[in-house]
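Structural overview
In case you want the letters, here they are:
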Amino acid sequence: MNKNNLVMSKDRRSFLRKTLGVSVAAAAVYFASGAMNVVKAASKKKVVSHVVNPGELDKYYGFWSSGQSGEVRVLAVPSMRELKLIPCFNYDCTNGWGITNYSKQILKGYTVGDTHHLHLSYNNGTYDGKFGFINDKSTGRVARVRLDVMETDAITKVPYAQGTHGLFTSRHKLDAVFCNSEFAIPLPNDGRDIENPDKYVALHTCIDAKTMKVRWQVMIDGNLDLCATDYQGKYSMGTCYNSEEGVLLEDMMSADRDHLTVFNLEKIEEAVNQGKGIKFKESDAPIIDGRGKNPYVLYIPVPKNPHGVNISPDGKYAICSGKLSPTASVISIEKIADAFAGKIAPKDCILAEPELGLGPLHTAFDGRGNCYTTLFLDSMVCMWNIDKAIKGDKDYLIQKLDVHYQPGHINASMSETKDADGNYVVSLNKFSKDRFLPVGPSYPDNDQLIGISEGRMKLLHDGPVAPEPHDALIVNRSLIKTVKIWNINDRKFAYERKLVQDLGLEFGANKIVRKDDKVFAIMSSIAPNYGLKVIDVNLGDEVTIVQTNLDKVEDLTHGFCLSEHNLNFGVSPGETASVTFRATRRGVFWYYCTWFCHALHLEMRGRLLVH
Ligand code: CUK
Ligand code: CUA
Ligand code: CA
């Protein structure tokens, strides 16, 4: 069985290689490197292991995007234990993000999302521990996650854009979030130009990280996929795989080179301050025209249908993965200024195009000058050295490691910061096939942990995960400071605070107030009791429940679920949440606590009586 799988997988690899029509040279590199397996001597031996014994804490937080379910996942690295799911574009009744007025206000009626790229806020090239930002490709939104409580606190709809995909934050300070629209559409998309694809545009959007308001957008030639920023706050960038501006697959693959599109932030901000750009009804943010020759956007020609772009921790290079070319492009960030000034051609920013293998997608860094690039078609991670590739040294390839199977994103510990520490790499593999017990036709993905601290890659752990994390960050735990109990004055409860104050009450008052057909039940939960055991209303009343968890005990969460009403949410210690609904059915409806909070947890309940 295993043997067959192996044979099949080899056949499939060579089949994919053939169908891609790769050059002989690339195939030669592939075989040479596979056989070679050059291993660099380790500088100092550290023990690499994924084992974290019971009672011990991991060294890193892992922040995973979830893909189809629309959330962020928090893991611990290296144990790969899952710690928390943070709902962003989806509902999740586990915490205060269930069916509540707060989540409804932020989600605005949408119930699904597709999250790919989470990046944290920075200060001076490393994480400041304040926020995470994540895209929703399905409805073109960006969510902000507070890291102190690990909950979503804002969502911004990206105007005029479709397929908001690549996202990155400013790395010099808490400033902006940049996101790329992958799909070109008419501007505005109100029924005009439906049949004229050459009039479609794709947009690069800048969102203010503090206010979450859109600052500006730039329309570009081609499209935009992955996003990156430099370390100095000068540039944001995006890969473009559809410079052909085709609407069919074959059109999008016709050119040998597409672009790395680079945005000159200073020039764009200058134009915005001068009032340049166009506006339509949907947004106040100006749209700057970055098509053709212009001072705002530089188009660096890179091969072919590029996907990932990652910046080396020293801030010197952008590594752009070829996807349909077996190469990565090493681009000098320093030279970009000269190219913008017209002193050199955009292509002269490319320092090297080393051949890595088939289907390069994303790159991670160890802070020692080495890259780890996923090879989707080869099902491998390729470790290579940047300086050697630039110098043209033949031994720039250090090691290739089989991963199982078809890796997309890859990340290394602190890889996207200047403090990349070269301890662990995680390869997010899209296919798991024979690695786990079968669970029906939809398989888990396989996130494989690889130790790199010994100077070579060593597979440590297979991590089955619900599909499909696209991206992950591994963050030193010392940078994240979470709160254990909510501050009762937290800004999250602003809506409820005003509501309760307007009634002349305070949180946890345990009072029912009626105003015409509106009923407000302001109640507390203290294990194992709700402050209100019965709430009397009349058919047709609009009922608002405000629930405050007054237990000041770490880890003691209560829930509020109203039977037969599609209402369910949780309140952690110190937290307040509310929900408003109409009483549309006569009868007795028990509300009950959903968290096992006490020996008498099951008795923690009360009745809504609809007369
Ligand atoms: S994309 Cu999924 S593997 Cu959304 Cu970053 Cu490359
Ligand atoms: Cu409160 Cu169970
Ligand atoms: Ca293309």
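As the structure is a prediction and not an experimental result, all values here were calculated from the model.

Among the residues of helix α5 (residues 265–273), those classed as buried are Leu265, Ile268, Ala271 and Val272. Projected onto a plane normal to the axis of α5, the buried residues spread over an arc of 130° and lie on a single side. Turned more than 90 degrees away from the buried face of α5, the exposed residues are Glu266 and Asn273. For α5, the secondary structure elements touched by its buried residues are β9 (176–183), β11 (214–220), β13 (235–240), β14 (257–264) and β15 (287–289). Looking at the residues trailing α5, positive phi occurs at Gly275, about 80°.

In this description, an aromatic ring pair is defined by two values, namely the gap between the centres and the angle between the planes. For the structure shown, the criterion picks out 15 aromatic pairs. Consider the rings of Trp97 and Tyr102, whose centres lie 5.9 Å apart with planes at 75°: the pair is edge-to-face. A residue is classified by how much of its surface remains accessible, and Trp97, at 1% relative accessible area, is buried. Residue class for Tyr102 comes out buried when judged on its relative accessible area of 13%. The rings of Tyr530, Phe560, Phe569 and Tyr591 are connected pair by pair, giving a single aromatic cluster. One residue, Lys433, lies across the ring of Tyr405, its end atom 4.2 Å from the ring centre.

The next point concerns the coordination of the calcium ion (ligand 3). At the metal site, the calcium ion (ligand 3) is ligated by Tyr241 (O), Glu244 (OE), Glu244 (OE), Met252 (O), Asp258 (OD), Asp258 (OD) and Asn305 (OD1), and these contacts range over 2.3 to 2.7 Å. Of note, the calcium ion (ligand 3) draws all its donor residues from one chain, in the sequence arrangement Y-x2-E-x7-M-x5-D-x46-N. Of this pair, Asp258 sits in strand β14 while Asn305 sits in the loop between β16 (297–303) and β17 (309–311), and the two are 47 residues apart along the sequence. A residue is classified by how much of its surface remains accessible, and Asp258, at 1% relative accessible area, is buried.

With that settled, consider the site of ligand 1. In the vicinity of ligand 1, the contacting residues are His116, His117, His165, Leu226, His307, His362, Gly408, His409, Lys430 and His470. For the shell around ligand 1, the elements supplying multiple residues, two or more each, are β4 (115–123) and β25 (407–412). Looking at the shell around ligand 1 residue by residue, the class counts come to 1 nonpolar, 8 polar and 1 charged.

This paragraph deals with the pattern of salt bridges. Considering all chains together, one arrives at 27 salt bridges under this definition. In this structure, the salt-bridge partner of Arg171 is Glu416, at a minimum N-O distance of 3.1 Å. Of this pair, Arg171 sits in the loop between β8 (162–169) and β9 while Glu416 sits in the loop between β25 and β26 (424–429), placing them 245 residues apart in sequence. Taken as a pair, Arg171 and Glu416 share a single burial class, namely buried. Between Lys388 and Asp395 there is a salt bridge, and its shortest N-O distance comes to 3.4 Å. A relative accessible area of 40% places Asp395 in the partly exposed class.

Quick look at the sheet that holds strand β23 (residues 380–385) now. Adjacent strands of a sheet form backbone hydrogen bonds with each other and so pair up, either parallel or antiparallel. Spatially, 4 strands are ordered β21-β22-β23-β24 in an open sheet, and the strand pairing comes out antiparallel. The strands lining the two open edges of the sheet, one partner per strand, are β21 (360–365) and β24 (397–402). If you compare each strand with its neighbour and ignore which way they point, the axes differ by 20° on average. Relative to β23, strand β22 (residues 370–375) is paired through 6 bridges, and the arrangement is antiparallel. Across the sheet, residue Cys371 finds its bridge partner in β23, namely Trp384.

The next thing to look at is the nonpolar core. The biggest cluster of nonpolar side chains holds 44 residues, and the ones touching the most others in it are Phe63 and Leu120. It is α5 that contributes the most residues to this core, 4 residues altogether. Once residues within four sequence positions are removed from consideration, Phe63 is found in contact with Val72, Arg73, Val74, Leu118, Leu120, Leu147, Met150, Asp471, Ala472, Leu473, Val475 and Ile480. Ile99, Tyr530, Leu532 and Val571 belong to the second-largest nonpolar core, a separate cluster that totals 28 residues.

This brings us to empty space enclosed by the protein. For the coordinates displayed, the defined rule picks out 1 cavity of 30 Å³ or more. Of the pockets and cavities examined, the largest cavity occupies roughly 100 Å³. In this structure, the largest cavity is lined by 15 residues; those nearest its centre are His119, Asn310, His409, Glu416 and Asp471. Residue assignment for the lining of the largest cavity shows that the elements contributing at least two residues are β4, β17, β21 and β25. The element best represented in the lining of the largest cavity is β25, accounting for 3 residues.

Reading guide: rules and limits
Residues numbered from 1 in each chain as written. Chains lettered and ligands numbered in written order. Predicted model: local features only at pLDDT ≥ 70, side-chain atom pairs only at ≥ 80, totals over all residues. Heavy atoms only, no water. Buried < 20%, exposed > 50% of the residue type's maximum accessible area, 1.4 Å probe, protein only. Helix = DSSP H or I, 4+ residues; strand = E, 2+ residues; numbered from the N terminus. Arc of directions from axis to C-beta. Contact = heavy atoms within 4.5 Å. Phe/Tyr/Trp six-rings, centres within 6.5 Å; stacked < 30°, edge-to-face > 60°. Lys NZ or Arg CZ within 6 Å of the ring centre and 35° of its normal. Donors = N, O, S within 2.8 Å, 3.2 Å for Na, K, Ca; no water. Near = heavy atom within 4 Å. Nonpolar A, V, L, I, M, F, W, Y, C, P; charged D, E, K, R; others polar. Salt bridge = Lys/Arg side-chain N within 4 Å of Asp/Glu carboxyl O. Pairing = 2+ DSSP bridges. Axes fitted to C-alpha atoms, helices over the stretch in contact; angles between N-to-C directions. Core = buried A, V, L, I, M, F, W, Y, C linked by side-chain atoms within 4.5 Å. 1 Å grid on protein atoms, 1.4 Å probe; cavity = no way out; pocket = protein on both sides within 12 Å on 5 of 7 lines; lining within 4 Å. Points joined across faces, edges and corners; volume = space filled by probe spheres on them.

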